[in-house]
2 protein chains.
Amino acid sequence: MTGTLYGLGVGPGDPELITLKALRLLQSCPVIAYPAPEGGASLARAIAAPHLPEGREEIVIAMPLDAGHGPLEAAYDRAAEAVAGHLDAGRDVAALCEGDPFFYGSFMYLFGRLAHSHHVEVVPGVSSLVAGPAALGAPLASRNDTLLVIPATLPEDALRARIEGVDAVVIIKLGRHLDKVRGLLGDLGLAANAHYIEHATMADQHMAPLAEAGPRAPYFSMVVVHRRGEAW
Amino acid sequence: MTGTLYGLGVGPGDPELITLKALRLLQSCPVIAYPAPEGGASLARAIAAPHLPEGREEIVIAMPLDAGHGPLEAAYDRAAEAVAGHLDAGRDVAALCEGDPFFYGSFMYLFGRLAHSHHVEVVPGVSSLVAGPAALGAPLASRNDTLLVIPATLPEDALRARIEGVDAVVIIKLGRHLDKVRGLLGDLGLAANAHYIEHATMADQHMAPLAEAGPRAPYFSMVVVHRRGEAW
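These figures come from a predicted structure and were not determined experimentally.

Each helix and strand in chain A was counted, giving seven helices and ten strands. Taking 232 residues into account, the globule formula puts the C-alpha radius of gyration at 17 Å, and chain A, at 19 Å, falls close to it. In terms of its C-alpha atoms, chain A occupies a principal-axis envelope of roughly 60 × 35 × 30 Å. The proportion of buried residues among the 232 residues of chain A is 48%. The long-range fraction of contacts in chain A, counting pairs at least 24 apart against all pairs at least 6 apart in sequence, stands at 71%.

It is worth spelling out the interface of chain A and chain B at this point. Taken together, the contact between chain A and chain B spans 45 residues of the former and 45 residues of the latter. Here the side of chain A that touches chain B is built from residues that sort into 30 nonpolar, eleven polar and four charged. Both strand β6 (residues 147–151) of chain A and strand β6 (residues 147–151) of chain B contribute to a ladder of three bridges, which runs antiparallel. Among the inter-strand pairings, Leu 147 of chain A is bridged to a residue of β6 of chain B, identified as Val 149 of chain B.

Okay, the nonpolar core next. Ranked by size, the top nonpolar core spans 152 residues in total, and within it Ala 95 of chain A together with Ala 95 of chain B carry the most contacts. Ignoring any residue separated from it by four or fewer positions in sequence, one finds Ala 95 of chain A in contact with Leu 5, Tyr 6, Gly 7, Leu 8, Ala 33, Tyr 34, Phe 107 and Leu 110 of chain A.

All names here are of chain A. As assigned here, chain A comprises domain 1 (4–123) and domain 2 (128–226). Averaged C-alpha coordinates put domain 1 and domain 2 at centres separated by 28 Å. Each partner contributes residues to the interface: domain 1 has seven residues there, and domain 2 has eight residues. Split into classes, the residues belonging to the side of domain 1 that touches domain 2 amount to four nonpolar, two polar and one charged.

With that settled, the discussion passes to the confidence of the model for chain A. Overall, the predicted model of chain A reaches an average pLDDT of 95, with 99% of residues at or above 70. We note a pTM of 0.96 for the whole complex and an ipTM of 0.96 for its interfaces.

As a further point, take helix α3 (residues 69–88) of chain B. Residue and element names in this part refer to chain B. Helix length check: α3, at 20 residues, gives a terminal C-alpha distance of 28 Å against a target of 28 Å (1.5 Å per residue), a fit within 8%. Within the span of α3, buried status applies to Tyr 76, Ala 79, Ala 80, Val 83, His 86 and Leu 87. Summarising the axial view, the buried residues of α3 lie within an arc of 120°, below the 170-degree limit, and thus occupy one face. Across from the buried face of α3, at angles greater than 90 degrees, the exposed residues are Gly 70, Ala 74, Asp 77, Glu 81 and Asp 88. Each element contacted by the buried residues of α3 is listed here: β1 (4–9), β2 (31–37), β3 (57–63), β4 (93–97) and α4 (107–114).

Glancing now at the relation of the copies chain A and chain B. When chain A is fitted onto chain B, the two copies agree to an RMSD of 0.0 Å after a turn of 180° and an axial shift of 0.0 Å. Taken together, the turn and the small shift mark the pair as related by a two-fold rotation axis. Interface overlap between copies: 100% of the residues of chain A at the interface are likewise at the interface in chain B, consistent with a symmetric, same-surface contact.

Right, let's get into the sheet that holds strand β7 (residues 168–172) of chain B. The strand order across the open sheet formed by ten strands is β9(A)-β8(A)-β10(A)-β7(A)-β6(A)-β6(B)-β7(B)-β10(B)-β8(B)-β9(B), and the pairing between neighbours is mixed. In the strand order of this sheet, the two ends are held by β9 (206–209) of chain A together with β9 (206–209) of chain B, each with one partner. Taking the axes of each pair of neighbouring strands and ignoring which way they run, one obtains an average angle of 15° across the sheet. Pairing of strand β8 (residues 194–198) of chain B with β9 of chain B involves four bridges; the strand directions are antiparallel. Bridging from a neighbouring strand, His 195 of chain B pairs with Pro 209 of chain B of β9 of chain B.

Another aspect to go through is the sheet that holds strand β4 (residues 93–97) of chain A. Residue and element names in this part refer to chain A. As summarised here, the arrangement of the five strands in space is β3-β2-β4-β1-β5, forming an open sheet in which the pairing is parallel. The two strands at the open ends of the sheet, each matched to only one other strand, are β3 (57–63) and β5 (119–123). Here the strands of the sheet are splayed against their neighbours by 25° on average, with no regard to which way each runs. Where strand β1 (residues 4–9) and β5 come together, five bridges link them in parallel fashion. Opposite Leu 8, over in β5, you have Val 123 as the bridge partner.

Time to look at unusual backbone geometry. Backbone phi values are negative for most residues with the exception of glycine, while trans is the configuration of most peptide bonds. Following Gly 214 of chain A, the chain continues to Pro 215 of chain A via a peptide bond in cis, the omega torsion being 15°. Even without a glycine there, the phi angle at Tyr 104 of chain A is positive, about 55°. Looking at the secondary structure, you find Tyr 104 of chain A in the loop between β4 and α4 (107–114). For Lys 173 of chain B, which is not glycine, the phi dihedral falls at a positive 50°. As for its placement among the helices and strands, Lys 173 of chain B is situated in the loop between β7 and α7 (178–187).

Residues and elements named next belong to chain B. Where α3 contacts α4, the two axes come as close as 10 Å, and the packing angle between them is 60°. On the basis of their axis angle, the class for α3 and α4 is oblique. Every pair of crossing elements has a handedness; the one defined by α3 and α4 is right-handed. Here Tyr 76, Ala 79, Ala 80, Val 83 and Ala 84 of α3 come into contact with α4, specifically with Tyr 109, Leu 110, Arg 113 and Leu 114. Its residues assigned to classes, the contact of α3 with α4 shows eight nonpolar, no polar and one charged.

We now examine the environment of Ala 213 of chain B. Take Ala 213 of chain B: it is sitting in the loop between β9 and β10 (221–226). Setting aside its immediate chain neighbours within four residues, Ala 213 of chain B contacts Leu 178, Tyr 196 and Ala 208 of chain B.

A word on the pairing of β4 of chain B. All names here are of chain B. In terms of residue burial, β4 counts as a mostly covered element, since five of its five residues are buried. The alternating pattern of β4 places Val 93, Ala 95 and Cys 97 and Ala 94 and Leu 96 on opposite faces, both of which are buried. Across five bridges, β1 lies against β4 in parallel orientation. If you follow Gly 7 over to β4, its bridge partner there is Ala 95. Here β2 runs beside β4; their pairing, made up of three bridges, is parallel. Residue pairing for β4: Ile 32 is matched across the bridge by Ala 94.

Cut-off values and rules
- Residues numbered from 1 in each chain as written.
- Chains lettered and ligands numbered in written order.
- Predicted model: local features only at pLDDT ≥ 70, side-chain atom pairs only at ≥ 80, totals over all residues.
- Helix = DSSP H or I, 4+ residues; strand = E, 2+ residues; numbered from the N terminus.
- Rg over C-alpha atoms; globule rule 2.2 N^0.38 Å.
- Buried ≥ 20, exposed ≤ 12 C-beta atoms within 10 Å, placed from the backbone.
- Contact = placed C-beta atoms within 7 Å.
- Nonpolar A, V, L, I, M, F, W, Y, C, P; charged D, E, K, R; others polar.
- Pairing = 2+ DSSP bridges.
- Core = buried A, V, L, I, M, F, W, Y, C linked by C-beta atoms within 7 Å.
- Domains from an automatic or database assignment.
- pLDDT = per-residue confidence, 0-100.
- Expected span 1.5 Å × (residues − 1).
- Arc of directions from axis to C-beta.
- Least-squares fit on C-alpha atoms with pLDDT ≥ 70 in both.
- Axes fitted to C-alpha atoms, helices over the stretch in contact; angles between N-to-C directions.
- Parallel < 35°, antiparallel > 145°, perpendicular 65-115°, else oblique.
- Left-handed = near helix turned anticlockwise from the far one by under 90°.

What follows is the structure in structure tokens.
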């Protein structure tokens, strides 16, 4: 009997936003795996920590500080080999994923390496996409709305063209692109409808009107915009 | 002390995909409210049922079979009045929502009526947007992908224009529009990348390649498409 790799969504940050299913698997899988920045703490593990029993075997997937393609791929090659070793020996492995495993998560890299050779099950989680609007009290989409999730890293023209055609927008990967996003939403007449949030549901959650955010945004942040504003 | 209205995401269908926070509030709120089709059973209540203690006061929001604007608004006017009565008397109310309250949910109608006068807290849940791809084993979005959620009810030209500009698409509200969606994705060369799923994570979950789905889709169904196909 070979083991199962579970891609386990542990939710957006608040440990109480984990599902009963993820909790059960955290407590039954003898091996856990999670990404961590080189020399730093893993957010996914921190979210799961209050629920983790003692004595789990832990596979740390060290994310190279130089986030280039090569070192990242090499880190996941090593991690997939370690995970496969446990699966082949019949041990289930839970890969901890912030939010949801398939929503902009690094679980993709394990999935792509192991899904064709091993049994993999994805346990969906509460994603930041819905946790941000919930914390903001800003409805995301309803009725016949179109909803776009778009990384701020795209060129301004591409952002503009796509945002113009939809009702609701969530802009992610803000980083140093916050000023570009702010200017663009101003041009489109959407500045007053734009809400900024970082670290949604975490202890250091912070919200602001977009005009007052920045100048630089952390990785776990987003801007939520709806064309209708507060006209629900 | 007035009560709090909780918009409680109960997840996509599997009762084990409820969060610890939603579970705690289900067990502590003396009043629950939920939509149900006139003369039918409530899906949101069915998802929560295994976790519900005895003796809760229940507010059934009867959805008129004629889903026109007027009768729907009237049903929510009555529901908001009943909810407000409990809140004003100091009783917390949990409004049960399939998936996530702010992701195409009917909680919007209560929120719009009560958020300006009462304390409302939204508890995010696992949405169908992530539950569908998890069940399909089809990664949703990663890296610098753009992701679009779009209702099949839009005219074909509008669907085409928006789908052409993005990497990943989730098409909802399929109903009698399944053939239109199938034809359109075929024209765009995306037919082989399109996965159909209905009732994700529920007992009667059903998946199929889009070519074999239909002819008519139930309300809780979606098509998931990624431009890269399986090239993760």
